[in-house]
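# A closer look at the structure
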Amino acid sequence: MTDQPSNPLRDEIQKAISENSVLLFMKGTPEQPACGFSARTVAMLQSLSQPFAAINVLPDQRIRQELSALSNWPTIPQLFIDGELVGGCDIVTEMYESGELQEALGLESEPAEPRAPEPAVAPAQPLSIENRL
Amino acid sequence: MRLATLGDVSATPEELKQRIEAEISGASAEVTGDGHHFNAVVSAPAFEGLSRIAQHRLVYDVFGAEVGDRIHALSIQTKPE
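Bear in mind the structure is a predicted one, so any value in this text is a computation, not a measurement. (Residues numbered from 1 in each chain as written. Chains lettered and ligands numbered in written order. Predicted model: local features only at pLDDT ≥ 70, side-chain atom pairs only at ≥ 80, totals over all residues.)

What follows deals with unusual backbone geometry. Residue and element names in this part refer to chain A. Geometrically, the link from Ile76 to Pro77 is a cis peptide bond, its omega value of 10° lying close to zero. Tracing the backbone shows Pro77 in the loop between α3 (61-71) and β3 (78-81). With a phi close to 55°, Ser49 is a non-glycine residue in the positive phi region. You can see Ser49 is positioned in the loop between α2 (36-47) and β2 (52-56). You will see that Asn72, though not glycine, has its phi angle at about 55°, which is positive. Owing to 11 C-beta atoms within 10 Å, Asn72 belongs among the exposed residues under this scheme. (Helix = DSSP H or I, 4+ residues; strand = E, 2+ residues; numbered from the N terminus. Buried ≥ 20, exposed ≤ 12 C-beta atoms within 10 Å, placed from the backbone.)

Below is the structure:
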């Protein structure tokens, strides 16, 4: 028994984080980012040919509230790798430039030849996760 | 009759700098910004041994719910020192 009210949205967010090895919470979509920080983070992942799942936080203010409560991180975007918050645009940029991001993603730090895009796994409906290269 | 006016409530780089330096022990901060979007470069001995995430959280924690609201965007670089 629990006296916590059930929180389906937070459960869905947690589920998305655990089921997608690379997951970006962003403003807008990879095709149409609605914020410069989200756009830059998408561009870095795309430049590494890294498949990732993305969740747009804009359609419902509660997504962002629940996400920040869960991750203890106030801003968007938020990049999760293997269920762990890696950071927002600033940290991802630093890690990209130092090669740590490539390492965290299990990529060669010097992108050799473009890798064949792997189909990313993601059940989609409730949070409209989009899988994009 | 005199109209009361509210003071300017927008944040300033100087305010952010002072609050970071007051809250994080031994920190020195350089903050730039336009009143809504800010960039802070913070060095502090307190960052030593912490992950980047943890270092940035220390800075965000200075402002709590103001980040994303009154402080629309706060870009951070941290340096242990």
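All names here are of chain A. For the pair α2 and helix α4 (residues 89-98), the least separation of the axes is 10 Å and the interaxial angle reads 30°. By the angle class used here, α2 and α4 are roughly parallel. Both α2 and α4 take part in a crossing whose hand is left-handed. Contacts from Phe37, Arg40, Thr41 and Met44 in α2 reach Cys89, Val92, Thr93 and Tyr96 in α4. (Axes fitted to C-alpha atoms, helices over the stretch in contact; angles between N-to-C directions. Parallel < 35°, antiparallel > 145°, perpendicular 65-115°, else oblique. Left-handed = near helix turned anticlockwise from the far one by under 90°. Contact = placed C-beta atoms within 7 Å.)

Right, let's get into α3 of chain A. Residues and elements named next belong to chain A. If you check which residues of α3 are buried, you get Ile63, Glu66 and Leu67. For α3, the arc enclosing every buried residue in end-on projection is 100°, short of the 170-degree limit, so these residues lie on one face. Exposed residues on α3 whose side chains face more than 90 degrees from its buried face are Gln61 and Ala69. On its buried face, α3 sits against α1 (8-19), β1 (22-26) and β3. Following α3 by one or two positions, Asn72 adopts a phi angle in the positive range, close to 55°. (Arc of directions from axis to C-beta.)

A word on the packing of α1 of chain A against α3 of chain A. Residue and element names in this part refer to chain A. Their axes nearest at 10 Å, the elements α1 and α3 cross at an angle of 65°. Looking at the two axes, α1 sits roughly perpendicular to α3. Our pair here, α1 against α3, has a crossing hand that is right-handed. Of the residues in α3, those in contact with Leu9, Arg10, Ile13 and Gln14 of α1 are Arg62, Ile63, Glu66, Leu67 and Leu70.

Let us look at the interface of chain A and chain B. Buried accessible area, meaning the area lost when the parts come together, often serves as the stated size of an interface. With 8 residues of chain A at the interface, the matching set in chain B holds 10 residues. For the side of chain A that touches chain B, the secondary-structure elements that each account for two or more residues are β4 (84-87) and α4 of chain A. Sorting elements by how many residues they give to the side of chain A that touches chain B places α4 of chain A first, with 3 residues. Per-class residue counts for the side of chain A that touches chain B are 3 nonpolar, 3 polar and 2 charged. (Nonpolar A, V, L, I, M, F, W, Y, C, P; charged D, E, K, R; others polar.)

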